[in-house]
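Summary of structural features
Chain by chain, the residues:
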Amino acid sequence: MSAPSNVRRRPRKAAAEESPLALKRRARRINKILAEQYPYAVAELDFRNAFELLVATVLSAQTTDVRVNATTPALFARYPDAKAMSEADEADLQEMIRPTGFFRAKAQSLLALSHRIVDEYDGEVPNKLEDLVTLAGVGRKTANVVLGNAFGVPGITVDTHFGRLARRFGWTNSTDAVKVESDVAALFEPKDWTMLSHRVVFHGRRVCHAKKPACGACPVADLCPSFGEGETDPSKAAKLLKYELAPGREELLERMRAGETRAELRASGFKLDA
Ligand code: SF4
């Protein structure tokens, strides 16, 4: 990504001076620019069905999606559905998911949620928020990931990146995930919620990092009240970019923009980590 030519020099109006309508318009312009920047944004966890996505999302707590994706192919080959996983030997399950960390607690959650899916939902992952959050290890965030990406139900996924960026954008001033979700939901049409979540998380991972946001290479710098929280010099900021936007990864970026899937890119030898 080249640095934007229109990087803002003057601070935006303080949030208190921005009308609700102006806030909504600005939020939607940010979403539009992020959509252009990340046309390939998807859930970064690999999955083929709702059960796999549910399991992968539970495993993703406190670790990276890359690590989960390296762990799940063997796991799903051995335990392809809730019934098989409910009958898993706990020690074996722990060993298979050990690289994702907190493996004892995660194995317990996977066994308990698999049992419940078999006992209460005929072996199929439920497609309602109120049912999903009754499963072991599944909170609103995981439930929204599954609803949005496996069932096509609009959902906003408030993880650490989403919460941080929503506050930097001035979309919310809350640190409570449920409040962040409702504040942001009020700014967008439900049909946009799932993709918005992916784009914001992509931007958080690649550009708007927790510690050193790359403001000088940020495509929404013009619309962001937090511009200046990070590096504003364009060439220094460009060096902070991660994943496919990192310096030297231009071919990967080009191929992602051309529509190659993550599986195809991996098969071509590209590493998709930071
Ligand atoms: S990188 Fe800087 S300008 Fe861009 S969204 Fe983050 S804080 Fe705002």
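Residues numbered from 1 in each chain as written. Predicted model: local features only at pLDDT ≥ 70, side-chain atom pairs only at ≥ 80, totals over all residues.

1. Some remarks on the overall build of the protein
- The secondary structure content of the protein amounts to 14 helices and zero strands.
- If you list the helices and strands of the protein from N to C, you get α-α-α-α-α-α-α-α-α-α-α-α-α-α.
- Relative to a compact globule of 274 residues, whose C-alpha radius of gyration would be 19 Å, the protein shows 20 Å and is just as compact.
- For the protein, the C-alpha atoms occupy an extent of roughly 60 × 40 × 30 Å along the three principal directions.
- Of all intrachain contacts in the protein linking residues separated by at least 6 positions in sequence, the fraction that spans at least 24 positions is 58%. (Helix = DSSP H or I, 4+ residues; strand = E, 2+ residues; numbered from the N terminus. Rg over C-alpha atoms; globule rule 2.2 N^0.38 Å. Contact = placed C-beta atoms within 7 Å.)

2. Quick word on the UniProt feature "binding site: [4Fe-4S] cluster" (unreviewed entry) in the protein
- The UniProt feature table records "binding site: [4Fe-4S] cluster" (unreviewed entry) at Cys 208, Cys 215, Cys 218 and Cys 224. What stands out for the annotated residues spanning 17 residues is how close their C-alpha atoms remain, the widest pair being 10.9 Å apart.
- Judged by the 26 C-beta atoms lying within 10 Å of it, Cys 215 falls in the buried class.
- Beyond its immediate chain neighbours, meaning those up to four positions away, Cys 215 contacts Ala 221, Phe 227, Gly 228, Glu 229, Gly 230, Glu 231, Thr 232 and Ala 237.
- Looking at the secondary structure, you find Cys 218 in the loop between helix H11 (193–206) and helix H12 (234–238). (UniProt positions renumbered as here; feature names shortened; annotations may be inferred. Buried ≥ 20, exposed ≤ 12 C-beta atoms within 10 Å, placed from the backbone.)

3. A few points about unusual backbone geometry
- A positive phi angle, close to 60°, is found at Gln 62, a residue other than glycine.
- Secondary-structure assignment places Gln 62 in the loop between helix H2 (50–59) and helix H3 (65–78).
- For Gln 62, a count of 10 C-beta atoms within 10 Å puts it in the exposed group.
- Here the phi dihedral of Phe 102 falls at roughly 45°; this positive angle occurs in a residue that is not glycine.

4. Structural notes on the site of the ligand
- In the vicinity of the ligand there are 14 residues, among which Cys 208, Pro 213, Cys 215, Cys 218 and Cys 224 approach most closely.
- Residue composition of the shell around the ligand, grouped by class: 10 nonpolar, two polar and two charged. (Near = placed C-beta within 6 Å. Nonpolar A, V, L, I, M, F, W, Y, C, P; charged D, E, K, R; others polar.)

5. A word on the packing of H2 against helix H6 (residues 103–120)
- It is the contact of H2 with H6, at a shortest axis distance of 10 Å, that shows an interaxial angle of 155°. Looking at the two axes, H2 sits roughly antiparallel to H6. As for the relative orientation of H2 and H6, their crossing is right-handed in sense. Counting all contacts with H2, which are made through Val 55, Val 58 and Leu 59, the residues of H6 involved are Lys 106, Ser 109 and Leu 110.
- Tallied by class, the residues present in the contact of H2 with H6 amount to four nonpolar, one polar and one charged. (Axes fitted to C-alpha atoms, helices over the stretch in contact; angles between N-to-C directions. Parallel < 35°, antiparallel > 145°, perpendicular 65-115°, else oblique. Left-handed = near helix turned anticlockwise from the far one by under 90°.)

6. So, the UniProt feature "domain: HhH-GPD" (unreviewed entry) in the protein
- In the numbering used here, UniProt assigns the feature "domain: HhH-GPD" (unreviewed entry) to residues 59–206.
- Taken end to end, residues 59–206 has its terminal C-alpha atoms 22 Å apart, with 63% of it in helix and 0% in strand.

7. Description of helix H10 (residues 177–185)
- Of all the positions in H10, only Val 180, Glu 181 and Val 184 are classed as buried. Down the axis of H10, the buried side of the element spans an arc of 100°, and every buried residue falls inside it.
- For H10, the secondary structure elements touched by its buried residues are helix H9 (160–168). (Arc of directions from axis to C-beta.)

8. Remarks on the packing of helix H1 (residues 20–37) against H11
- Running from N to C, H1 and H11 cross one another at 75°; their axes reach a closest spacing of 10 Å. The orientation of H1 with respect to H11, classified from their angle, is roughly perpendicular. Together, Asn 31, Leu 34 and Ala 35 of H1 and Leu 196, Arg 199, Val 200 and His 203 of H11 make up the contact between the two elements.
- For the contact of H1 with H11, the per-class residue count stands at four nonpolar, two polar and one charged.

9. A closer look at H1
- In a regular helix each residue adds 1.5 Å, so 18 residues correspond to 26 Å; H1 covers 26 Å between its end C-alpha atoms and thus fits that length.
- What H1 keeps buried is the set Arg 26, Ala 27, Ile 30, Leu 34 and Gln 37. The arc enclosing the buried residues of H1, seen along the axis, measures out at 100°, which places them on a common side. Every exposed residue of H1 that faces more than 90 degrees away from the buried side is listed here: Leu 21 and Glu 36.
- The elements touched by buried residues of H1 are H11. (Expected span 1.5 Å × (residues − 1).)

10. Some remarks on the nonpolar core
- Residues Ala 166, Phe 169, Ala 214 and Cys 218 are the most contacted members of the largest nonpolar core, which totals 32 residues.
- Of all elements in the fold, only H1, H9, H10 and H11 reach the threshold of two or more residues within this core.
- If you look at the next biggest cluster of nonpolar residues, it comprises 31 residues, including Leu 53, Leu 59, Val 145 and Ala 150. (Core = buried A, V, L, I, M, F, W, Y, C linked by C-beta atoms within 7 Å.)

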